[in-house]
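Structure assessment
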Amino acid sequence: MKKLSLEELISRVDEIPVFSQTVNRIIQITEDPESSAKDLESEIMKDQGLTTKILRLANSSYYGVSRNIKSVSEATVLLGFQAIKSMVFASTVGKVMEKELPGYALEREALWRQSQMCAITARAIAKKVKFPKPDQAYTAGLLRDIGKVILDTYMNDQFEQIIKEVELHNKPFLEVETEVLGYNHSEVGARIAEKWNLPQDLIESIACHHNPEKAIVNPKMTAMIHIADGLMMMMGYNIGIDGLNYNFSDDAMTLLGIDESVLTEIMSEVADFIGDEGMFF
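Here, residues in each chain are numbered from 1, in the same order as that chain's written sequence. Where local features are concerned, this predicted model is filtered to residues with pLDDT of at least 70; where side-chain atom pairs are given and counted, the filter is 80 or more; whole-chain, interface and lining totals use all residues. Water and hydrogen atoms play no part in the side-chain values, which are based on all heavy atoms of the structure.

1. Focus: the side chain of serine 73
Stated formally: Here a strand is any run of E in DSSP of at least two residues, a helix any run of H or I of at least four, and the numbering for each starts at the N terminus. Throughout this description, a polar contact denotes any pair of N or O atoms lying within 3.5 Å of each other; where both atoms belong to protein, one of them has to be capable of donating a hydrogen while the other can accept it, and for residues adjacent in sequence the pair is counted only when both atoms sit in side chains.
Turning to its location among the elements, serine 73 is positioned in helix 5 (residues 72-79). At a separation of 3.2 Å, a polar atom in the side chain of serine 73 contacts the side chain of serine 71.

2. Describing the environment of glutamate 107
Using the following cut-off: Throughout this description, buried means an accessible area under 20% of the type-specific maximum (1.4 Å probe, protein chains only), exposed means over 50%, and partly exposed covers the range between. Note on definitions: a residue-residue contact is assigned when non-hydrogen atoms from the two residues lie within 4.5 Å.
Considering the arrangement of structural elements, one finds glutamate 107 in the loop between helix 6 (81-97) and helix 7 (110-128). A relative accessible area of 57% places glutamate 107 in the exposed class. In contact with glutamate 107, other than residues within four places in its own chain, are Lys99 and Glu100.

3. A few points about helix 12 (residues 185-195)
Of the residues making up helix 12, those classed as buried are His185, Ser186, Val188, Gly189, Ala190, Ile192 and Ala193. Packed against the buried residues of helix 12 are helix 1 (6-11), helix 9 (146-154), helix 11 (173-181) and helix 13 (200-207). By the N-cap criterion, in which a side-chain oxygen at the helix start approaches the backbone nitrogen of a residue two or three places on, helix 12 is capped by asparagine 184, the distance to serine 186 being 2.9 Å. Of the residues flanking the end of helix 12, it is asparagine 197, one or two places downstream, whose phi is positive at about 60°.

4. Observations concerning a negative patch on the surface
We apply this condition: Each patch is built from residues lacking any salt bridge and having more than 30% relative accessible area; the joining distance is 9 Å for like charges and 5 Å for nonpolar side chains (Val, Leu, Ile, Met, Phe, Trp, Tyr). Note on areas: these come from Shrake-Rupley sampling with a 1.4 Å probe, and a residue is covered only by the protein chains present in the view. Salt bridges are counted wherever a side-chain nitrogen of Lys or Arg sits within 4 Å of a carboxyl oxygen of Asp or Glu. Positive charges come from Lys and Arg, negative ones from Asp and Glu, while His and the chain ends are left out of the count. Here the site of a charge means atom NZ of a Lys, CZ of an Arg, CG of an Asp or CD of a Glu.
On the surface, a cluster of negative charge is made up of Glu213, Asp250, Asp251, Asp259 and Glu260. Tracing the chain through its elements places aspartate 250 in helix 15 (residues 250-256). Take aspartate 250: its relative accessible area is 55%, and that puts it in the exposed class.

5. So, the pattern of salt bridges
Tallied over the full model, the rule gives 13 salt bridges. The partner of arginine 108 in a salt bridge is glutamate 98, and the shortest N-O contact between them spans 3.5 Å. Of this pair, arginine 108 sits in the loop between helix 6 and helix 7 while glutamate 98 sits in the loop between helix 6 and helix 7; the two residues are 10 residues apart in sequence, bridging distant segments of the chain. Residue glutamate 194 is joined to arginine 191 by a salt bridge in which the shortest nitrogen-to-oxygen separation is 3.6 Å. A residue pair is termed a helical-turn pair when its members lie 3 or 4 positions apart in one helix, as glutamate 194 and arginine 191 do in helix 12 at three residues. Residue arginine 191 is classed as partly exposed on the basis of its relative accessible area, which comes to 23%. Salt bridges here are not isolated pairs; linked through shared partners, they connect Arg144, Asp145, Lys148 and Asp229.

6. Focus on the packing of helix 7 against helix 14 (residues 219-234)
Heads up, the rule is: Working convention: axes come from line fits to C-alpha atoms, limited for helices to the stretch in contact. Angles between N-to-C directions cover 0 to 180 degrees. In what follows, roughly perpendicular refers to angles from 65 to 115 degrees, roughly parallel to angles under 35, roughly antiparallel to angles over 145, and oblique to any angle outside these ranges. Left-handed describes a crossing in which the near helix is turned anticlockwise from the far one by less than a right angle; the clockwise case is right-handed. The classification used treats Ala, Val, Leu, Ile, Met, Phe, Trp, Tyr, Cys and Pro as nonpolar, Asp, Glu, Lys and Arg as charged, and all other residues, Gly among them, as polar.
In contact at an axis separation of 8 Å, helix 7 and helix 14 are set at 125° when each is read in the N-to-C sense. With respect to each other, helix 7 and helix 14 are oriented oblique. Helix 14 is crossed by helix 7, and the crossing has right-handed handedness. Across from Gln114, Met117, Cys118, Thr121, Ala122, Ile125 and Ala126 in helix 7, the residues of helix 14 making contact are Met224, Ile225, Ile227, Ala228, Asp229, Leu231 and Met232. Each residue belonging to the contact of helix 7 with helix 14 can be placed in one class, and the counts come to 11 nonpolar, two polar and one charged.

7. Description of the nonpolar core
The test is simple: In this description, a nonpolar core means a group of buried Ala, Val, Leu, Ile, Met, Phe, Trp, Tyr and Cys residues linked to one another through side-chain atoms lying within 4.5 Å.
Val188 and Ile227 are the most contacted members of the largest nonpolar core, which totals 93 residues. Among all residues touching valine 188, those that are not within four sequence positions of it are Leu6, Leu9, Ile10, Gly147, Ile150, Leu151 and Tyr183.

8. Describing the layout of surface pockets
Over the atoms, a rolling probe the size of a water molecule traces out where space has been left empty. The cut-off we apply is this: Buriedness of a pocket was judged along seven lines, with at least five required to meet protein on both sides within 12 Å; pockets are open sets of points on a 1 Å grid over the protein atoms alone, cavities are sets where a 1.4 Å probe fits but cannot get out, and lining residues have an atom within 4 Å of a point. Grid points are joined across faces, edges and corners, and a volume is the space filled by probe spheres set on the points.
Its volume calculated, the largest pocket comes out at about 350 Å³. Looking at the largest pocket, it is lined by 18 residues, and the ones nearest its centre are Ile27, Glu31, Asn197, Leu198 and Pro199. For the lining of the largest pocket, the elements supplying multiple residues, two or more each, are helix 2 (21-31), helix 6 and helix 8 (134-143). Take the lining of the largest pocket: its biggest share by element is four residues, from helix 2. Taken together, the residues of the lining of the largest pocket sort by class into seven nonpolar, six polar and five charged.

9. A short note on the packing of helix 9 against helix 12
As a packed pair, helix 9 and helix 12 sit with axes 7 Å apart at the nearest point and diverge in direction by 105°. With respect to helix 12, the axis of helix 9 lies roughly perpendicular. On helix 12, the residues touching Ile146, Gly147, Lys148, Ile150 and Leu151 of helix 9 are His185, Val188, Gly189 and Ile192. Classifying every residue of the contact of helix 9 with helix 12 gives five nonpolar, three polar and one charged.

10. Comments concerning the environment of glutamate 213
As for its position among the elements, glutamate 213 is in the loop between helix 13 and helix 14. The exposure class of glutamate 213 is exposed, given its relative accessible area of 51%. Considered as a pair, glutamate 213 and aspartate 251 are 38 residues apart in the sequence and their alpha carbons are 7.4 Å apart.

Next comes the structure, spelled out in structure tokens:
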């Protein structure tokens, strides 16, 4: 297969359906300040599988609600629209991200679980630094490597060359990916997020999560995703080949006003959730 330009690659993304009409409607409802919890519930309940997944996650230890949540409207009132939207994203993209990605040395479901762990970690960081939208940080962490799915699908022939270059010259995977393809999974992911009409700061966090110093729209959110990604590598959770030679930015920690002791606290909190299978769809 010939090497595709970034424009050619993105033009083919329509071949990978992600958001159904129901999911698009749910996202619209969560963005409309005039919407009610009942509006959201009536739309979500059109998809029984999605309803079940949302209730399972809402009742997981992650959200720490003291009583049993029995309906979507109750979950919405207790957790908020943004939390429900992040659950919808998690349920939807999981179908795409659970596949094996041999180019990144990730077995089936590895990227999906890795992405959920990054999302959990990003939300934990957001709460620690009192970021006003922790569930938006969750969504950004969840989607930060969505470009890998597309690259692995269409650029499989080039990965052998990338892996050889990484091992031979001991370079960061992202650097070699860019040299060989002309772009990298972060750029691809950001373009996909644009096609899905996601918010600009979320698009930026996907584009710049390896280079947080380039963020302009919302540098703090991008810094949180970068740190969450780095912590996951440090914890050794489903690391693919691109986890080797990972560049961790001290500037991101400075921007958020956190130090190594805070990182240790966050890793401890995240570790507590790993055993809760309700976190994983």
